[in-house]
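Chain by chain, the residues run as shown.
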Amino acid sequence: MVTFSLIDWIWLFAFLGLMVGCGLLFYHLGKRSESDFFLAGRGLPWWLPASSVYASHTATDTPMWVAGVIYRYGLAGLWYTFFAAWCAVSAFVSTKIFRRSLAYTQAEWQSLRFSGLGSELLRGWVAGWQVYMNMFILGWVGIAMGKVCNLAFGWPLWIGLITFSLVCAVYVLAAGFWGVVMADFQQGIIAFSAIMIVSVWSVISVGGPSVIISRLAEIGKSDMLNPFAFTGFFSGDFPIMWFITMLITAIIGGIGMGTSFDWYTEAQRIQSARTIRDASYSIWAGTALVLMRNAIWAGPILAFFILYPNITQQGEYELAWFAMAFKVLPAGMLGFFFASILAIHLSTISTQLNLGAVYMTRDLYHHYINPKATEKQLVWVGRISTVIILIGSFAYGMMMSEEITKYLLFALWIMAAGVWLPNILQVVWWRFNSWAYLSSWIANLIMSWLIFKVLPDFGIIPVLKDYHQFWILMGLCALIYIPVTFLTKPENMDHLVKYYVMSRPLGWWGPVRKEAEKKGLI
């Protein structure tokens, strides 16, 4: 249990006041239009969306996930987080393509890239999936906050889940994305400062790096310091094949869109930037900070390991970073640390609330229900959608009492495996059509549950390693969407020409380019 001094409470309430005040300050900007409420008017310099990328990807569950893989695998566990590098690659490829399209969301981009009935079904599918996925993400981030508050104060999980998300909803409802991005800038600075302070303080508290190294040697765990401690090509916890899989998905995946759920968050920041160059810089810089942050976390987690090397319950060692902070920080600093936890938490909560709302507003309400809605109506629908997303997240959060890592890894693989190659094909190949992409999604959802959960539970197949699941799912789904591609008609050529001229994609677009040249459009 943690006991706060007066200065600790001052830190905490000052931070909450700053965040709520930020929403009230930018209220007059957020209410002007749909573009302001969801994209901050598309006029942000690169460093603002960059700080927002970093802040929104530093959530309460993130140090738990990083702690879980480092406690179990040592520095080799950092490769689990390397999937984020795909965003840096996308800064030079798909970020530019997406920014030129001016689409608010990934779902809207589908209707620009594809045409006809397949395009309409796909837009509705992606929008509906994102509404669900944002509730899901908010649920696991919220229950992570519940676990932290339970560790620190002994509160029931539901209090931490609900209380601070309600505070966050105040400035998101008031100012929309203006409130999100301006709060993210402050939250990113606070969070990075706290990560540095806690990490250095924790390592010093156990005697410094030399003590960590010597202690690991004493207990026969020196291999935890080797990020390339391979256990064989296919065997063990860290096989070379898993490492190759992670590199391929991260590096080549950056060519596509929607390689993991991260893309949808990045897409909103891309469209909020004032120019294509600002968009690219923001994604690259934000991702670089994310990867740097993960490495900094390794120190205190290894310090925790040498103090408590025999913890077997994943739910316990996932709290390593938080436990070290509460253990070593003096009175007066605990309030700052908890304020930084709130910064980490609120940045992600605000992002997912506004992101889920834009899909409900722009892609479901505005596109399908009321195409003639006024700007004022759209802003109010955005606020109502925010409340719906928030309530849904509470329901999902209360379902997630198990390990954070279990849910996070499943979400990553279910989003990345069967649709990984289609996400690339839709960017680089003109012949890939909406029916193929839609079939890859449906096939992936069905087969991922079969491979990950159903068949192993019934003993039909063994429990597979995550990289086995990835390649199997990619192969099985390809057996469906590749035939669908060639058995269905190409997209309308006039539609493809319009998209090509607007977005200038890379890859195999020869027939479309020739048609554009023939019409004198390029």
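What counts and what doesn't
Residues numbered from 1 in each chain as written. Predicted model: local features only at pLDDT ≥ 70, side-chain atom pairs only at ≥ 80, totals over all residues. Heavy atoms only, no water. Core = buried A, V, L, I, M, F, W, Y, C linked by side-chain atoms within 4.5 Å. Buried < 20%, exposed > 50% of the residue type's maximum accessible area, 1.4 Å probe, protein only. Helix = DSSP H or I, 4+ residues; strand = E, 2+ residues; numbered from the N terminus. Contact = heavy atoms within 4.5 Å. Phe/Tyr/Trp six-rings, centres within 6.5 Å; stacked < 30°, edge-to-face > 60°. Salt bridge = Lys/Arg side-chain N within 4 Å of Asp/Glu carboxyl O.

> Can you break down the nonpolar core residue by residue, with the values?
Membership of the largest hydrophobic core comes to 169 residues, with the highest contact counts inside it found for Phe15, Phe322, Phe326, Phe337 and Phe338. Considering every element that reaches this core, the biggest residue donor is helix H9 (residues 116–153), with 18 residues. Setting aside residues no more than four positions away along its own chain, Phe15 makes contact with Gln187, Ile190, Ala339, Leu342, Ala343 and Leu346.

> So what about the packing of aromatic side chains? Which residues, and what values?
With the rule as written, the count across this model stands at 47 aromatic pairs. Measuring from ring centre to ring centre gives 5.1 Å for Trp11 and Phe336, while their planes differ by 65°; the resulting arrangement is edge-to-face. Of this pair, Trp11 sits in helix H1 (residues 6–25) while Phe336 sits in helix H18 (residues 334–369); the two residues are 325 residues apart in sequence, bridging distant segments of the chain. Looking at Trp11, the relative accessible area reads 37%, which means it is partly exposed. Ring centres 5.9 Å apart and planes at 65° place the aromatic pair Tyr54 and Phe192 in the edge-to-face group. Of this pair, Tyr54 sits in helix H4 (residues 47–56) while Phe192 sits in helix H11 (residues 177–205), and the two are 138 residues apart along the sequence.

> For the environment of Pro239, give the residues involved together with the corresponding values.
Residue placement: Pro239 occurs in the loop between helix H12 (209–218) and helix H13 (240–251). For Pro239, a relative accessible area of 1% gives the class buried. When the C-alpha positions of Pro239 and Phe228 are compared, they lie 9.7 Å apart, and in sequence the two are 11 residues distant.

> Tell me about the pattern of salt bridges, residues and numbers included.
Counting across every chain of the model gives 9 salt bridges. One salt bridge in this structure joins Arg513 and Glu517, with 3.2 Å as the shortest N-O distance. Linking Arg513 with Glu517, this pair stays in helix H25 (residues 510–518), spanning 4 residues, or about one helical turn. For Glu517, a relative accessible area of 40% puts it in the partly exposed group. Via salt bridges that share partners, Glu34, Glu108 and Arg362 belong to a single interconnected network.

Note that all results are geometric; they support no functional claim without further evidence.
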